[in-house]
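Fold and geometry: a report
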Amino acid sequence: ADTYNVVINYVFSDHTIAAEPFVLTLEAGEDYNGTVTNPVLPGYEAYVGDDVNPSANTLINVTNIQTNVQITVTYLPAIVNYRVRHYLQNADNDNYTLDLEETLTGTTGTVVGDVEKDTYAGFYALLYEHPTIAADGSTIVEVYYDRYYFLMYFDLQGGTGVDPIYARYGSYVGSVSNPTKPGYSFGGWSQTVPTRVPLGNQTYTASWSTV
């Protein structure tokens, strides 16, 4: 008796093979109705024929088969997870500390876009890789942020003894000594001088009183 094949071809959108085809052999005139479970490919979804929605199964429904039957299942990229890790430069050394790890989503095979945060006041993001998102969710993007340098300027109003400080944001500067001015007594600064470099350039103005 003649036989005919029902073949399910599993392909990617560029028509390359996604999985080995499924082959069902029937005798001429035979009927068959059943479903075949589509192979699971991480990061991809299976679309049967012209269906607009992905499906886990392919339906085979033939009556009085008299010719070979070809069914195409196309695997299109799916939305998958990837991780982004944000590292902040330490205040008092050149090392970095993980501040946040977040899970984002993107389409398999696409390039990761911009993921740096602009909410880290006093920091700026260094250049980082923009990898292609892996189908298995293994993609990790690491973003490192350096600290800006800021100026602590001391307006001594004619006094001496205190130099400007230009240092990394948040770094330890300790206590600032009092300036001197012959014939005057130092009365303090116009604002409290912190022990660590503040956010933004700052000016501290000395006040004097006559002795």
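For clarity, every value in this text was computed on a predicted model and none was experimentally measured.

1. Observations regarding the sheet that holds strand β7 (residues 79-89)
The strand order β8-β7-β10-β9 describes an open sheet built from four strands, whose pairing is mixed. Looking along the sheet, the strands with just one partner apiece sit at the ends: β8 (96-107) and β9 (123-125). Neighbouring strand axes in the sheet, compared pairwise and without regard to direction, differ in orientation by 25° on average.

2. Notes on unusual backbone geometry
In this structure, histidine 15 is a non-glycine residue whose phi angle is positive, near 75°. Tracing the sequence through the fold places histidine 15 in the loop between β1 (3-12) and β2 (17-27). With relative accessibility at 67%, the residue histidine 15 sits in the exposed group. The phi angle at asparagine 64 is positive, at roughly 50°, despite the residue not being glycine. The topology assignment puts asparagine 64 in the loop between β5 (57-62) and β6 (69-77).

3. Focus on the sheet that holds strand β12 (residues 165-168)
Note on sheets: strands pair through backbone hydrogen bonds, and any given pair is parallel or antiparallel. Ordered by their spatial adjacency, four strands build an open sheet running β12-β11-β14-β13, and the pairing between neighbours is mixed. Bordering the open sheet on either side are β12 and β13 (184-189), each of which pairs with just one other strand. Strand after strand, the sheet turns through a mean of 25° between neighbouring axes, direction not considered. The pairing of β13 with strand β14 (residues 202-210) spans five bridges and is antiparallel. What sits directly across from phenylalanine 186, in β14, is tryptophan 208.

Conventions adopted
Counting from 1, residues in each chain are numbered in the order their sequence is written. Where local features are concerned, this predicted model is filtered to residues with pLDDT of at least 70; where side-chain atom pairs are given and counted, the filter is 80 or more; whole-chain, interface and lining totals use all residues. Excluding hydrogens and water, the side-chain values take into account all heavy atoms of the structure. Pairs of strands are assigned from DSSP output, requiring at least two bridges between the strands. Secondary structure elements follow DSSP: runs of H or I no shorter than four residues count as helices, runs of E no shorter than two count as strands, and numbering proceeds from the N terminus. Helix axes are fitted to C-alpha atoms over the stretch in contact, other axes to C-alpha atoms as well, and angles between N-to-C directions run from 0 to 180 degrees. Each residue is placed in one exposure class: buried if its accessible area under a 1.4 Å probe, protein chains only, is under 20% of its type's maximum, exposed if it is over 50%, and partly exposed if it falls in between.

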